[in-house]
Amino acid sequence: MGAITAELIVENARSIIRSAEYCFLITLGEKGELNARLVQPFEPQADMTIWIGTWSRSRKVQEIQKDNRVTLAFHDKDGTAYVTLLGSAQIERDTSKKRKYWREEWIG
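What comes next is a walk through the structure.

About the thresholds
- Residues numbered from 1 in each chain as written.
- Predicted model: local features only at pLDDT ≥ 70, side-chain atom pairs only at ≥ 80, totals over all residues.
- Heavy atoms only, no water.
- Helix = DSSP H or I, 4+ residues; strand = E, 2+ residues; numbered from the N terminus.
- Areas by Shrake-Rupley, 256 points an atom, 1.4 Å probe, with all protein chains shown as cover.
- Lys, Arg positive; Asp, Glu negative; His and termini not counted.
- Charge placed at Lys NZ, Arg CZ, Asp CG, Glu CD.
- Pairing = 2+ DSSP bridges.
- Polar contact = N/O pair within 3.5 Å; in protein donor to acceptor, adjacent residues only side chain to side chain.
- Buried < 20%, exposed > 50% of the residue type's maximum accessible area, 1.4 Å probe, protein only.

### Some details on the overall build of the chain
Per the secondary structure count, the chain includes 3 helices and 4 strands. In sequence order, the secondary structure elements of the chain are arranged as α-β-β-α-β-β-α. Looking at the chain as shown, the accessible area adds up to about 7,800 Å², and 52% of this sits on carbon and sulfur atoms. With 16 positive and 15 negative side-chain charges, the chain shows a separation of 7 Å between the mean positions of the two kinds.

As structure tokens, then:
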């Protein structure tokens, strides 16, 4: 068995993230409560940025605007492994990016 390196950990995390169709997005609510929602993310970018599309008037957007600290939790559908990412979320206003990270099946 080879050495466990940061690169190996990140690549294993990417593999789990790619295989997960959904993940939980956890935000901080108005009264300090944690709110978890099942969301359908896009694959991680090279810097591990993960895009998630949602309605601009959703409660999660309101919570992110007040406190942008979030957690994403992914589960390996074929095993017991999981990935938890802690970070900050940004609300994207650029229309071309909003179109790029939107799924038509979300509309109906």
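Read on, since the account is not over.
### A few points about the pairing of strand 3 (residues 69–75)
By the bridge criterion, 3 bridges tie strand 1 (residues 23–28) to strand 3 in an arrangement that is antiparallel. Residue pairing across strands places phenylalanine 24 opposite alanine 73, the latter belonging to strand 3. Note: strand 3 against strand 4 (residues 82–88), 7 bridges, orientation antiparallel. Paired with arginine 69 across the bridge in strand 4 is serine 88. In sequence, strand 3 turns back onto strand 4 through a hairpin of 6 residues.

### Brief notes about the environment of lysine 60
Looking at the element boundaries, lysine 60 is found in helix 2 (residues 59–66). Among the polar contacts listed, one links the side chain of lysine 60 to the side chain of threonine 54, at a separation of 3.2 Å.

### Some points on the pairing of strand 2 (residues 34–39)
Where a strand is regular, its side chains alternate between the two sheet faces. Side-chain alternation along strand 2 places Asn35, Arg37 and Val39 on a buried face and Leu34, Ala36 and Leu38 on a face that remains uncovered. In this sheet, strand 2 lies alongside strand 1 in antiparallel orientation, the contact comprising 6 bridges. In the strand pairing of strand 2, leucine 25 is matched with arginine 37. In this structure, the hairpin formed by strand 1 and strand 2 is closed by a connection of 5 residues, where glycine 32 is found at a positive phi of approximately 90°.

Everything listed here is a matter of coordinates, which is why it stays silent on function.
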